[in-house]
Amino acid sequence: MAGSIGVLLVAQVMPYLEQQLNTRYQLFRIWDYPQTTHLFANHAATIRAVVGGANGGADAELIDALPKLEIVSTFSVGMDKIDLEKCKEKGIRVCNTPDVLTDEVADLSIGLILAVLRRICDCDRFVRSGNWKLGDYKLTTKFSGKTVGIIGLGRIGSAVAKRAEGFNCSISYYSRTEKQDSKYKYYPSVVELASNCHILVVACPLTDETHHIINREVINALGPKGVLINIGRGKHVDELELVSALLEGRLGGAGLDVFENEPHVPEELFGLENVVLLPHVGSGTVETRTAMADLVLGNLEAHFLGKPLLTPWI
Ligand SMILES: O=CC(=O)O
């Protein structure tokens with residue numbers, strides 16, 4: 001019976017997940033249908049699930065084109081590519097992959113902070129280019145003891161805070177509402193948070209409210225000694241403003257795992273030693289991506305067996 005259930009894959013996922021989906025279901029890959037009208041005309045009646053990821057989900061148009069859609073299971077913690085309102089309206093279940101990637105993304109956030117402050121990537125280039133033979137590398141900036149501001153004190157934000165505490169950092173945060181059970185200092189605005197920290201980490205979900213939450217005012221408040229770390233989504237940051245601030249020296253540095261128009265990265269940043277650029281790999285280890293894949297599969301299996309979802313959002 002499972003083999004007759006149609007699943008539409010709308011984002012590139014790890015081969016293990018694609019193979020498992022292919023074994024268990026009748027799998028359609030959206031990229032095999034340059035004309036989606038053909039896909040919908042021939043298979044809309046079969047497709048009961050959509051599997052997405054950080055770079056592809058289910059917008060209103062796709063949802064409307066799939067009248068038999070029951071569940072969207074995304075291979076990501078972020079659900080910004082899914083029209084959640086529409087899913088609610090239509091009674092479509094939605095699930096993501098929380099918890100299993102929290103440590104990984106928080107670890108990488110600390111890696112980015114150290115890489116920017118201690119210029120790890122630039123030091124590596126210095127050695128490889130042979131420049132060391134001409135003299136020592138210049139002095140960099142200490143991380144331990146700095147003030148870390150976190151936007152969004154959810155699972156990932158809290159895991160970053162815990163790790164930064166291990167570096168004797170003082171932690172402050174911004175979120176829509178103050179967390180009554182948090183020991184960290186709360187600022188009711190992002191500008192206030194940015195004015196009062198050395199390192200600002202974006203760790204909130206991308207929503208209409210958090211789109212461009214890092215704007216010119218926030219960047220200027222962070223200032224020429226401040227560092228921005230983005231492990232959320234590219235659209236959290238007004239990228240044009242970020243690039244000009246970095247080029248003009250109004251911001252001290254940036255560690256970026258995500259960009260507004262991936263895989264395109266502003267080339268003006270390529271020559272800057274105070275910027276570390278990663279290709280959206282926050283959760284990108286074998287261990288974590290496998291655990292995420294198992295959650296996607298587990299949620300689909302539970303749904304089609306009529307059991308409770310493992311990580312239900314809706
Ligand atoms: O970006 C990755 C995710 O949302 O899991």
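Residues numbered from 1 in each chain as written. Predicted model: local features only at pLDDT ≥ 70, side-chain atom pairs only at ≥ 80, totals over all residues. Heavy atoms only, no water.

### Observations regarding the UniProt feature "domain: D-isomer specific 2-hydroxyacid dehydrogenase catalytic" (unreviewed entry) in the protein chain
Just so we agree on the cut-off: UniProt positions are given in the numbering used here, feature names are shortened, and annotations may be inferred rather than shown by experiment. Strands are runs of DSSP state E lasting at least two residues, helices are runs of H or I lasting at least four, and both sets are numbered from the N terminus onward.
When the UniProt feature table is mapped onto this chain, "domain: D-isomer specific 2-hydroxyacid dehydrogenase catalytic" (unreviewed entry) is found at residues 12-310. In residues 12-310, helix accounts for 36% and strand for 15%; the two terminal C-alpha atoms are 22 Å from one another.

### A word on helix H5 (residues 102-117)
Formally: One fewer than the residue count of a helix, multiplied by 1.5 Å, yields its expected span. Using a 1.4 Å probe on the protein chains alone, a residue whose accessible area is under 20% of its type maximum counts as buried, one over 50% counts as exposed, and one in between counts as partly exposed.
Here H5 contains 16 residues, and its C-alpha end-to-end distance of 23 Å stays within 8% of the 22 Å for a straight helix at 1.5 Å per residue. Looking only at H5, the buried set comprises Thr102, Glu104, Val105, Ala106, Ser109, Ile110, Leu112, Ile113, Ala115, Val116 and Leu117. One or two steps after H5, the chain reaches Arg119, where phi turns positive at roughly 55°.

### Brief notes about the site of the ligand
Defined as follows: For this description, a residue counts as near a given molecule or strand if any of its non-hydrogen atoms is within 4 Å of it. Two N or O atoms form a polar contact when they lie within 3.5 Å of each other; inside protein one atom must be a possible hydrogen donor and the other a possible acceptor, and for residues adjacent in sequence the pair counts only when both atoms belong to side chains. In these tables, accessible area is a Shrake-Rupley quantity obtained with a 1.4 Å probe, and a residue counts as shielded only by the protein chains included in the view. Polarity classes work like this: nonpolar for Ala, Val, Leu, Ile, Met, Phe, Trp, Tyr, Cys and Pro, charged for Asp, Glu, Lys and Arg, and polar for all others, with Gly in that last group.
Taken together, the neighbourhood of the ligand is formed by Ala54, Ser76, Val77, Gly78, Leu101, Arg233 and His280. Gly78 places a polar main-chain atom, nitrogen or oxygen, 2.8 Å from an oxygen atom of the ligand. At a separation of 2.7 Å, an oxygen atom of the ligand approaches a polar side-chain atom of Arg233. If the ligand stood free it would expose 190 Å²; the protein chains cover 88% of that surface. A per-class count over the shell around the ligand returns three nonpolar, three polar and one charged.

### Description of the nonpolar core
Note the following rule: Among the buried residues, those of types Ala, Val, Leu, Ile, Met, Phe, Trp, Tyr and Cys that are joined through side-chain atoms within 4.5 Å form a nonpolar core. Throughout, the edges of the domains are those of an automatic or database domain assignment.
Leu17, Leu21, Val148, Ile150, Ile199 and Val201 are the most contacted members of the largest nonpolar core, which has 52 residues in total. Among the elements that make up this core, the one with the highest residue count is H5 (eight residues). When we break this core down by domain, the ones giving at least three residues each are domain 1 (2-100 + 287-304) and domain 2 (102-277). Tyr187, Leu228, Ala245 and Leu256 belong to the second largest nonpolar core, which has 28 residues in total.

### Section: the packing of helix H1 (residues 15-24) against helix H11 (residues 286-304)
For clarity, the cut-off: To get an axis, fit a line to the C-alpha atoms, keeping to the stretch in contact for a helix; angles then go from 0 to 180 degrees between the N-to-C directions. Geometric relationships in this document are graded by angle, where less than 35 degrees denotes roughly parallel, more than 145 denotes roughly antiparallel, 65 to 115 denotes roughly perpendicular, and other angles denote oblique. Crossing handedness follows the turn of the near helix against the far one: under a right angle anticlockwise gives a left-handed crossing, and clockwise gives a right-handed one. Here, residues are in contact when the closest pair of their heavy atoms is within 4.5 Å.
Close contact between H1 and H11 brings their axes to 9 Å; oriented N to C, the two are set at 20°. With respect to their mutual orientation, H1 and H11 come out roughly parallel. H1 and H11 meet at a crossing whose hand is right-handed. Contact residues: Tyr16, Leu17, Gln20, Leu21 and Arg24 in H1; Thr290, Ala293, Asp294, Val296, Leu297, Leu300 and Glu301 in H11.

### A few points about the environment of Phe126
For Phe126, the location among the structural elements is in helix H6 (residues 120-128). Accessibility expressed as a relative area gives 16% for Phe126, which makes it buried. Considered as a pair, Phe126 and Tyr137 are 11 residues apart in the sequence and their alpha carbons are 7.6 Å apart. Here Phe126 is in contact with Asn131, Trp132, Gly135, Asp136 and Tyr137, once residues within four sequence places are set aside.

### Quick word on the domain arrangement of the protein chain
Heads up, the condition is: Two parts lose some accessible area (1.4 Å probe) when they are put together, and adding that loss for both gives the buried area. Salt bridge, as used here, is a side-chain nitrogen of Lys or Arg placed within 4 Å of a carboxyl oxygen of Asp or Glu.
Split by domain assignment, the protein chain resolves into domain 1 (2-100 + 287-304) and domain 2 (102-277). Computed over C-alpha atoms, the centres of domain 1 and domain 2 are 32 Å apart. Contacts between the two partners involve 10 residues from domain 1 and, on the opposite side, seven residues from domain 2. Summed over both sides, the interface of domain 1 with domain 2 buries roughly 670 Å², with 39% coming from carbon and sulfur. The largest contributions to the domain 1 side of the interface with domain 2 come from Asp80, Asp99 and Thr288, which together make up 56% of the buried area. With a shortest N-O distance of 2.7 Å, Arg155 and Asp99 are connected by a salt bridge. Of the residues belonging to the side of domain 1 that touches domain 2, the class tally is four nonpolar, four polar and two charged.

### Describing the packing of aromatic side chains
What counts is decided by this rule: Between rings of Phe, Tyr and Trp, where Trp is taken as its six-membered ring, a pair exists when centres lie within 6.5 Å; planes separated by under 30 degrees are stacked, by over 60 edge-to-face, and by other angles tilted.
Following the criterion strictly, the structure yields four aromatic pairs and no others. Arranged with centres 6.0 Å apart and planes meeting at 55°, the rings of Tyr25 and Phe304 form a pair that is tilted. In this pair, Tyr25 is assigned in the loop between H1 and strand E2 (26-29) and Phe304 in helix H11, connecting sequence segments 279 residues apart. According to the relative accessible area criterion, Tyr25 is buried, its value standing at 7%. The exposure class assigned to Phe304 is buried, which follows from its relative accessible area of 13%. Seen from their ring centres, Tyr173 and Tyr186 are 5.2 Å apart, and the 55° between their planes marks the pair as tilted. Taken together, the positions of Tyr173 in strand E7 (residues 170-174) and Tyr186 in strand E8 (residues 185-186) put the pair 13 residues apart, joining distant regions of the chain. On the basis of relative accessibility, which here comes to 0%, the residue Tyr173 falls in the buried class. A relative accessible area of 16% means that Tyr186 is categorised as buried.

### Thoughts on the sheet that holds E8
What counts here: Two strands qualify as a pair provided DSSP detects at least 2 bridges between them.
Ordered in space as E8-E7-E6-E9-E10-E11-E12, the seven strands form an open sheet in which the pairing is parallel. At either margin of the open sheet sits one strand with a lone partner, and together these are E8 and strand E12 (275-277). Two strands pair when backbone bridges link them, and strand E10 (residues 227-230) and strand E11 (residues 253-256) are joined in this way by four bridges, in the parallel orientation. Among the inter-strand pairings, Leu228 is bridged to a residue of E11, identified as Ala254.

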